[in-house]
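Commentary on secondary and tertiary structure
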Amino acid sequence: MPQGKPAGVRCVQLTADERCLLFGRPERPAVCASLRPSEEMCGESRADAYARLTFLECATASEERASQDLSAKSGSGLMAPPAA
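About the cut-offs
Residues numbered from 1 in each chain as written. Predicted model: local features only at pLDDT ≥ 70, side-chain atom pairs only at ≥ 80, totals over all residues. Heavy atoms only, no water. Patch = residues over 30% accessible without salt bridge, like charges linked within 9 Å, V, L, I, M, F, W, Y side chains within 5 Å. Areas by Shrake-Rupley, 256 points an atom, 1.4 Å probe, with all protein chains shown as cover. Salt bridge = Lys/Arg side-chain N within 4 Å of Asp/Glu carboxyl O. Helix = DSSP H or I, 4+ residues; strand = E, 2+ residues; numbered from the N terminus. Buried < 20%, exposed > 50% of the residue type's maximum accessible area, 1.4 Å probe, protein only.

A word on a nonpolar patch on the surface. Taken together, Leu-35, Tyr-50, Leu-53, Phe-55 and Leu-56 make up a surface patch of nonpolar side chains, about 440 Å² in accessible area. Considering the arrangement of structural elements, one finds Leu-53 in helix 3 (residues 46–71).

In total, this model carries 4 salt bridges according to the counting rule given. Among the ionic pairs, Glu-57 bridges to Lys-5, the shortest N-O distance being 2.2 Å. A residue pair is termed long-range when its members are at least 10 positions apart, and Glu-57 in helix 3 and Lys-5 in the segment before helix 1 (30–34) qualify at 52 residues. On the basis of relative accessible area, Lys-5 is assigned to the partly exposed category, the value being 27%. Glu-27 is paired through a salt bridge with Arg-25; the nearest N and O atoms lie 2.8 Å apart.

Take Thr-54: it is sitting in helix 3. The class of Thr-54 is partly exposed, set by a relative accessible area of 42%. Expressed as a C-alpha distance, the spacing of Thr-54 and Gly-8, which sit 46 residues apart in the sequence, is 7.1 Å.

Written out as structure tokens, the structure reads:
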């Protein structure tokens with residue numbers, strides 16, 4: 001996903017059994033490599049882990065949108081509309 005993975009969108013690099021096709025490879029995104037298994041991150045079940053990942057995605061989505069909007073700012077001082 002060259003432009004990054006939007007919040008709420010399944011990563012195209014996940015297999016049907018939820019394994020990362022890029023695990024251990026240099027092209028794996030830094031954000032993915034930075035996620036480490038821990039009780040805080042994973043909870044006690046797969047459902048807990050997904051709930052926490054979803055929370056992190058939602059919490060950072062607005063930051064990512066603001067950053068994209070600032071990057072897309074034109075010389076007229078108007079912000080670009082959100083991508084569809």
